[in-house]
Amino acid sequence: MSNQHIISPPTDRTYVSDALLILRDAGADINRIDASTSLTEALQLIAATAVRLINAAEDDSVRAVIYTYDAATGQFDPDSRVSAGEGEAPLTGDVPRSNGVGATSLLRRSRVLSYEENSIPLHPLKYQAGIRSAACYPLLVVGQPVGALYIDLRSARRFTEDELLVLDTFVQSAAVAIYNTRQFEGINRALQRKVDQLEKLQRAEQLISSRLRLEDTLHEILATALELLHIEHGSFRLIDKRHNLLKMRATIGAGNNDEPERGLPLDETSGIMGWVARHRRPARIGDLHQPPWADIYRPLDPARDMRSELAVPLLGSGGGLEGVLNVESPRLNAFTTEHQQVLEALATQAVIAIQEAKLLDTIEEVSAHLIDHAPDDLFAVLIERACDLLNVDHAAIWEIERSAPDTLMRRAATEAIPPRYSVPLAGSLLGIAVSTRQPVSSIDLGTDPRVLRPELVQRMQLVSALIVPLITRDHTPHGGVARGTFGVYTLAPRTFSDWDTRLLTSLANHAAIALQQAEALEQLKAARERQAVAETFAVLGDVAANLLHRVNNLIGVIPVRVQGVLDKRPALQDDAYVDHALHEIEDSARATMAAARESMGYLRPLRLAPTSIETCYRTACSRLSLPPNIELSSTGLESLPPVMAGEEQLRLVLFNLIDNAIDALGTSDAISDRGGHIAVNGRIIADPIEPQRQWIDLAISDDGPGVPDAVLDRIFDPDFSTKRSAKKLGFGLWWTKSLVQRFGGSISVNNNLDAGCTFNVHLPPAEEQA
């Protein structure tokens, strides 16, 4: 295996011109390498061209062998061997040695000639196969090895200067071809992964159980980064927003890292990654031993002396920090601007994967809540997830108030947005999202004319907003009805991306489903309640009729008996005490009968017929005792169509609601000084859920103290009443609600924005109910 007695061949002046033609053809072939070219095909092209470039004599034999270099392991890949010129019996087992010409060429970053290296013997297997002279070229791209090209001669001769010059030129193109082919293969793999991820997202709502493992995705992205940068060490740390810590999620080449499982703080005490997390900008460090980095560096692998590091932040929606991706190298100045761009691109892919995983987790959690949780519980989850996924400060779900279809009421929100806060529908930012059924946004809420209630914006210092409609799916021509909006708000200026809009729309779709389910359950509950009330009143009606008949028989005869006694014993009238007592007995009996008839009127069977609301209102007003300092007005009642109701019962409904408002105004000290006002307004409205259906809306409003929030939800309960009249059963507004339900309608109450409260009674028109 001696390298002595090497013979130099004579110079062939036609060789250079022939070699240039071969290089031209090879260059054209290399330029045709694209995403469809495999690495093996590229290596075969390089090896075959290398054989053709050697000016071999007839009795000489040339072969070329290529091994690719794996930057992740720092070794040649033995399975990557491709050769040319070996004939039918290729040599096997000639894997590059750690001290051979291949390793030496990579170390030196230059070619190695066997006859110039007495200290490096030829590979034993090659020598046994008759190889007597060899050249090895490192295949380098941006200074990083992608492989090695071996050219072996059976004759003991030197390579000519022309041959070496031609090979020097060729190996540069060969290295780029290998690198590009690897890049193409990596891009194809990445594209296929993205296609798979998108397909999984599209099937997510049907296949909630098939979750994407975030750890696997992060590890794959990290491995790609190490392969592209030809290094061996890297890690992913993601932020734990609940505890504000960086936690390790994926590593390669970390060794025995002693990082605590609880995570690291977001500052320089956790090393360079903490610095990147705090400042939210990349750090490319050429020498970790130099200040200021030497003071804060925490080694990824304590057993290796790392000299360079590149770390980039993972920035999600609105610049929110998701984590940090870093790579390290034992070489000085190992990372370039190009490397940083590559790592930043991969960091973007990691953010997408993190967002997708979070979204899938959210969809799974929301879907579980849809089945066995109340809508308000689901809304709380959606609010929390929207703030996390979109990196916003506040979020709110607004629902069109059924009793006031021109108003949006806060249904759920972050704590800073006050409960039962309402916003006008017409002309507002929220209303535009409802009317157009499209997302809307505002960069500056402070100057946006669509913000109709700026006091909330000013108090909370809100700056930007993204609003999407809540659309319930049905068979209407538009494919659904806008039931409200889902809005997110920031305290700093922000332009929302298409991804932000799509993500919030996805969450809004689940909120709309929850509203639709809640509405269906509410309708079912109302139907059952109406049926129960109807059945109860049917029984009570019979009982009331019998009771009234017995009361009439037992008490109604008292006035007659008293008058009979006086007629037969006129002398009793001379006794003032007896005469007064008999008249009191007579009056009490008559009052008892009147009270019984009035109270039993609630229980009388309904005789539904088309009924004028205005007539019932006028009759109710004639029976009211209106204080002089309280004003009562009405609008729109005369133009309302009739409703199917019992006239006396509808009169009772209006009487009770107005009388209740009078009592509320009478309890306010402010009203006694300035007076009060009660307004009864009537109009026709469209159902917010079924726009083709109409309702008669009666709004009874006052400017009194309003209803305390503590009792607002139970004001219609049977055991709740604001007053106890001696002339009534004392069931309060429960009676009113029961009668409205018997008409096929509904009733609700809300406090006004300025003062007082409003009762909204919804009744179906007589024609529609018929």
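Keep in mind it's a predicted model, so treat the numbers as computed, not measured. (Residues numbered from 1 in each chain as written. Predicted model: local features only at pLDDT ≥ 70, side-chain atom pairs only at ≥ 80, totals over all residues. Heavy atoms only, no water.)

K.L.:
Can you walk me through the overall build of the protein in this structure?
P.N.:
When its secondary structure is counted, the protein shows 21 helices and 25 strands. Out of the 770 residues in the protein, the part that is buried amounts to 48%. Looking at the protein alone, contacts between residues at least 24 apart form 66% of all its contacts between residues at least 6 apart. Summing over all exposed atoms, the protein offers an accessible surface of approximately 37600 Å²; the carbon and sulfur share of this is 52%. (Helix = DSSP H or I, 4+ residues; strand = E, 2+ residues; numbered from the N terminus. Buried < 20%, exposed > 50% of the residue type's maximum accessible area, 1.4 Å probe, protein only. Contact = heavy atoms within 4.5 Å. Areas by Shrake-Rupley, 256 points an atom, 1.4 Å probe, with all protein chains shown as cover.)

K.L.:
Help me understand the sheet that holds strand E17 (residues 464–473), please; the structure alone is not making it clear to me.
P.N.:
Note: strands within a sheet are paired through backbone hydrogen bonds, in either parallel or antiparallel orientation. Ordered in space as E15-E14-E13-E18-E17-E16, the six strands form an open sheet in which the pairing is antiparallel. Each end of this open sheet is capped by a strand with a single partner; those strands are strand E15 (422–424) and strand E16 (440–442). Between one strand axis and the next, the sheet turns by 25° as a mean value, whatever way the strands run. Bridge count for E16 against E17 is three bridges, and the pairing is antiparallel. When the bridges of E17 are listed, Val440 appears paired with Ile467. Across the sheet, helix H11 (residues 429–436) is in contact with strand E13 (394–401), strand E14 (404–413), E15, E16, E17 and strand E18 (480–490); its angle to E18 comes to roughly 145°. (Pairing = 2+ DSSP bridges. Axes fitted to C-alpha atoms, helices over the stretch in contact; angles between N-to-C directions.)

K.L.:
Whenever I open this one, helix H10 (residues 375–390) confuses me. Can you help?
P.N.:
In an α-helix there are 3.6 residues to a turn, and that puts residues three or four apart on one side. Here H10 spans 22 Å end to end across 16 residues, near enough to the 22 Å set by a 1.5 Å rise per residue. Residues of H10 that are buried include every one of Leu378, Phe379, Val381, Leu382, Ile383, Arg385, Ala386, Cys387, Leu389 and Leu390, and no others. (Expected span 1.5 Å × (residues − 1).)

K.L.:
What am I meant to see in empty space enclosed by the protein here?
P.N.:
Rolling a probe over the atoms, with the probe sized like a water molecule, indicates the empty space that remains. Going through the model one piece at a time under the given rule, you end up with six cavities of 30 Å³ or more. Put simply, the largest cavity is a space of about 220 Å³. Taken together, 17 residues form the lining of the largest cavity, with Val423, Leu430, Val451, Val457 and Tyr489 sitting closest to its centre. Counting only elements with at least two residues in the lining of the largest cavity, the list comes to H11 and helix H12 (454–460). For the lining of the largest cavity, the per-class residue count stands at 14 nonpolar, one polar and two charged. (1 Å grid on protein atoms, 1.4 Å probe; cavity = no way out; pocket = protein on both sides within 12 Å on 5 of 7 lines; lining within 4 Å. Points joined across faces, edges and corners; volume = space filled by probe spheres on them. Nonpolar A, V, L, I, M, F, W, Y, C, P; charged D, E, K, R; others polar.)

K.L.:
Looking at this structure, how should I read the nonpolar core?
P.N.:
One recurring pattern in soluble globular proteins: nonpolar side chains tend to sit buried together. By size, the foremost hydrophobic cluster in this structure holds 41 residues, and its most contacted members are Leu53, Leu139, Leu149, Phe159 and Phe170. Among the elements of the structure, helix H1 (13–31), helix H2 (39–52), strand E1 (62–70), strand E3 (82–84), strand E5 (133–141), strand E6 (144–153) and helix H5 (161–202) are those that each provide at least two residues to this core. When residues of this core are assigned to their parent elements, the largest contribution, 10 residues, is made by H5. In contact with Leu149, not counting residues within four places along its chain, are Ala50, Ala64, Val65, Ile66, Ala135, Cys136, Tyr137, Leu139, Phe170 and Val171. The next biggest cluster of nonpolar side chains, apart from the first, holds 40 residues, and it includes Tyr617, Leu650, Val711 and Ile715. (Core = buried A, V, L, I, M, F, W, Y, C linked by side-chain atoms within 4.5 Å.)

K.L.:
Whenever I open this one, the pairing of E17 confuses me. Can you help?
P.N.:
For a regular strand, side-chain orientation follows a simple rule: the groups alternate between the two sheet faces. For E17, the buried fraction is high: nine of the 10 residues fall into the buried class. Where E17 and E18 come together, 10 bridges link them in antiparallel fashion. When the sheet's bridge partners are listed, Leu470 is paired in E18 with Gly484.

K.L.:
Would you explain the environment of Arg97 in this entry?
P.N.:
In this fold, Arg97 is placed in the loop between E3 and helix H3 (101–108). Taking the C-alpha atoms as reference points, Arg97 and Phe76, separated by 21 residues in sequence, lie 9.2 Å from one another.

K.L.:
Would you mind showing me how to read the sheet that holds strand E22 (residues 676–686) here?
P.N.:
A sheet is described by the order of its strands in space; here five strands give the open sequence E20-E22-E23-E25-E24, paired in mixed fashion. A single partner strand is all that each edge strand has here, and the edge strands are strand E20 (630–635) and strand E24 (746–751). Neighbour-to-neighbour, the strand axes of the sheet open up by a mean angle of 15°, direction not taken into account. Relative to strand E25 (residues 757–763), E24 is paired through six bridges, and the arrangement is antiparallel. Counterpart to Val749 in the pairing with E25 is Phe759.

K.L.:
Any chance you could explain helix H20 (residues 733–742) here in plain terms?
P.N.:
Extensive coverage of H20 is indicated by the burial of eight of its 10 residues. Three or more residues of H20 are buried, namely Leu733, Trp735, Thr736, Ser738, Leu739, Val740, Gln741 and Arg742. Positive phi appears at Gly744, one or two residues downstream of H20, with a value of about 90°.

K.L.:
Is there a simple way to think about the side chain of Arg410 in this case?
P.N.:
Mapping Arg410 onto the fold places it in strand E14. Here the side chain of Arg410 touches Ile417 through a polar contact of 2.9 Å, landing on its backbone oxygen. From its side chain, Arg410 meets the backbone oxygen of Pro418 in a polar contact 3.3 Å long. Not counting chain neighbours up to four residues away, the residues in contact with Arg410 comprise Ile397, Trp398, Ile417, Pro418, Pro419, Arg420 and Tyr421. (Polar contact = N/O pair within 3.5 Å; in protein donor to acceptor, adjacent residues only side chain to side chain.)

K.L.:
Looking at this structure, I do not really get the confidence of the model for the protein. What am I missing?
P.N.:
Regions with low pLDDT carry predicted coordinates that are not meant to be interpreted in detail. Per-residue confidence for the protein gives a mean pLDDT of 80, with 83% of residues at or over 70. Contacts of residues 1–10 to residues separated by more than four positions or lying in other chains number 23 contacts, the stretch itself having pLDDT below 50. Across residues 200–211, where pLDDT falls below 50, the model places 11 contacts with residues more than four positions away in sequence or in other chains. (pLDDT = per-residue confidence, 0-100.)

K.L.:
For this particular structure, what's the right way to read the packing of helix H16 (residues 613–622) against helix H17 (residues 647–666)?
P.N.:
The packing of two helices is summarised by the inter-axis angle and the distance between the axes. Relative orientation of the contacting elements H16 and H17 amounts to 55°, with a least axis distance of 8 Å. By the angle between their directions, the pair H16 and H17 is classed as oblique. In terms of crossing hand, the pair formed by H16 and H17 is right-handed. Contacts between H16 and H17 involve Ile613, Thr615, Cys616, Tyr617, Thr619 and Ala620 from the first element and Glu647, Leu650, Arg651, Leu654, Phe655 and Ile658 from the second. Along the lines of polarity and charge, the residues of the contact of H16 with H17 split into eight nonpolar, two polar and two charged. (Parallel < 35°, antiparallel > 145°, perpendicular 65-115°, else oblique. Left-handed = near helix turned anticlockwise from the far one by under 90°.)

K.L.:
Honestly, unusual backbone geometry in this entry has me stumped. Any pointers?
P.N.:
The step from Pro291 to Pro292 runs through a cis peptide bond, and the omega angle for that step is 0°. Residue position: Pro292 is located in the loop between strand E10 (283–285) and helix H8 (293–296). With phi around 55°, Val142 is a residue other than glycine that occupies positive phi space. Tracing the chain through its elements places Val142 in the loop between E5 and E6. With a relative accessible area of 52%, Val142 lands in the exposed category. Its identity is not glycine, yet Asn391 carries a phi of approximately 55°, on the positive side.

K.L.:
Got a minute to help me understand the pattern of salt bridges in this structure?
P.N.:
Two side chains carrying opposite charge are able to pair once their charged atoms lie near each other. By the definition in use, this model includes 25 salt bridges. In this structure, the salt-bridge partner of Asp29 is Arg32, at a minimum N-O distance of 2.2 Å. Among the residues examined, Asp29 registers a relative accessible area of 28% and is labelled partly exposed. Salt-bridge contacts for Asp500 lead to Arg494; the nearest nitrogen and oxygen are separated by 3.3 Å. Using a relative accessible area of 2% as the deciding quantity, one classes Asp500 as buried. When its relative accessible area of 9% is taken as the criterion, Arg494 is described as buried. One continuous salt-bridge network, built from bridges that share partners, spans Arg63, Arg81, Glu86, Asp94, Lys126 and Asp152. (Salt bridge = Lys/Arg side-chain N within 4 Å of Asp/Glu carboxyl O.)

K.L.:
Help me out: how do you make sense of the environment of Pro418 in this one?
P.N.:
When you line up the elements, Pro418 lands in the loop between E14 and E15. Note on Pro418: relative accessible area 22%, which makes it partly exposed. For the pair formed by Pro418 and Leu456, sequence separation is 38 residues and the distance between their alpha carbons is 9.0 Å. In contact with Pro418, not counting residues within four places along its chain, are Arg410, Leu456 and Arg459.

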